[in-house]
Every structure is written in structure tokens, then in C-alpha cells.
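A closer look at the structure
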Amino acid sequence: MPVLTTVENVQDQILETIGSVQTRVIKTNKKIAGQFNDKVADRVPAMPSLPLFDTVTDRIPAPSVAVGTYFDLVERATKANRKFAMDLVKVWTPAKKAPAAKPAAKKAATTKAATTKAAAKKAPATKKRAARKTTARKTAS
């Protein structure tokens, strides 16, 4: 199994475990919140109105807005960190040499040239022999 496949499988298992734990935490919190609302909420006194507290609470975002804003920041920071890391990889990774195929082509051309030269050497010798035979026949007649 390739290393990258193994790493991805481990990552999937980690995310599944995290998801399972988060599901249990949500279920437990729902149960506790339900029990709190049923048994304790009416026993807790209302918060007194304090001028300083009222001015601060008007400026504090709702919890869902605060969490959303936080994760928006995390996403942007992650994108920036990914770009930074990939740029470093580009800087430190040597460029691949494209002319890697040329030596093979050059070798093929050299082999072809050698074959052609060998054929050329053989061809004239054959013609000379034929020419000598023809000359010898003419002389004999």
C-alpha cells in the first residue's frame, strides 16, 4: 500500500473518531441542558439590570456569530498557510529537466546513423563485385 494511501486512511480514522466524540458531547450537552431547563432554570434568579453590564452586552455578538467569525478567520489563515507552505516547496524543489527525452532520441539517431553507414558500406561493395563480374564476362566474350 502506498504511503500516501496509508496516511489518508489514518486521517480518515482520526476524523471519524473526532466526529464520534463530538456526537457524544452534543448528546450529553442536550441531555444536561434539558435537565437544567426542566429542573433548575425556574429556580435561578433573573440577572439584575446593571448599566455597565447592559452597555457591554449590546456590543458583544451572539455566540453563533462569534463562533462563525472565528472559523472564518481559521479558514482564511489556513488558506494563507497552505499558500505559504506550497511557495516554500516550490522554492526548495529543483525544477524538473524537460530535455530528459533528448538523450534517448539522440541515441536512436546515432543507432540509425550507424545502421545506415553499415548498410552504405555493404551496398557499394556488392555493386563493385557485380560490376567486376560484368566486366569479366565482357572480356571473356
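**Regarding the overall build of the protein**
Looking only at helices and strands, the protein features four helices and zero strands. Counting from the amino terminus, the protein carries its helices and strands in the arrangement α-α-α-α. The 141 residues of the protein split such that 0% are buried. Surface exposure of the protein reaches about 13500 Å², of which carbon and sulfur atoms provide 66%.

**Brief notes about a nonpolar patch on the surface**
A contiguous nonpolar patch, built from V10, I14, L15 and I18 and spanning about 360 Å² of accessible area, is present on the exposed surface. Residue placement: V10 occurs in helix 1 (residues 3-39). Judged by its relative accessible area of 40%, V10 falls in the partly exposed class.

**Considering the pattern of salt bridges**
The final tally for this structure, using the stated rule, is one salt bridge. D87 is paired through a salt bridge with K83; the nearest N and O atoms lie 2.8 Å apart. One end of the pair, D87, and the other, K83, are both in helix 3 (residues 63-92), four residues apart, so they sit about a helical turn from each other. Given the relative accessible area of 31%, D87 is considered partly exposed.

**With respect to the packing of aromatic side chains**
Counted according to the given criterion, the structure contains one aromatic pair. Geometrically, the ring pair formed by Y70 and F71 is edge-to-face, given 4.9 Å between the ring centres and 75° between the ring planes. The partly exposed category is assigned to Y70, whose relative accessible area is 48%. Accessibility expressed as a relative area gives 45% for F71, which makes it partly exposed.

About the thresholds
- Residues numbered from 1 in each chain as written.
- Predicted model: local features only at pLDDT ≥ 70, side-chain atom pairs only at ≥ 80, totals over all residues.
- Heavy atoms only, no water.
- Helix = DSSP H or I, 4+ residues; strand = E, 2+ residues; numbered from the N terminus.
- Buried < 20%, exposed > 50% of the residue type's maximum accessible area, 1.4 Å probe, protein only.
- Areas by Shrake-Rupley, 256 points an atom, 1.4 Å probe, with all protein chains shown as cover.
- Patch = residues over 30% accessible without salt bridge, like charges linked within 9 Å, V, L, I, M, F, W, Y side chains within 5 Å.
- Salt bridge = Lys/Arg side-chain N within 4 Å of Asp/Glu carboxyl O.
- Phe/Tyr/Trp six-rings, centres within 6.5 Å; stacked < 30°, edge-to-face > 60°.

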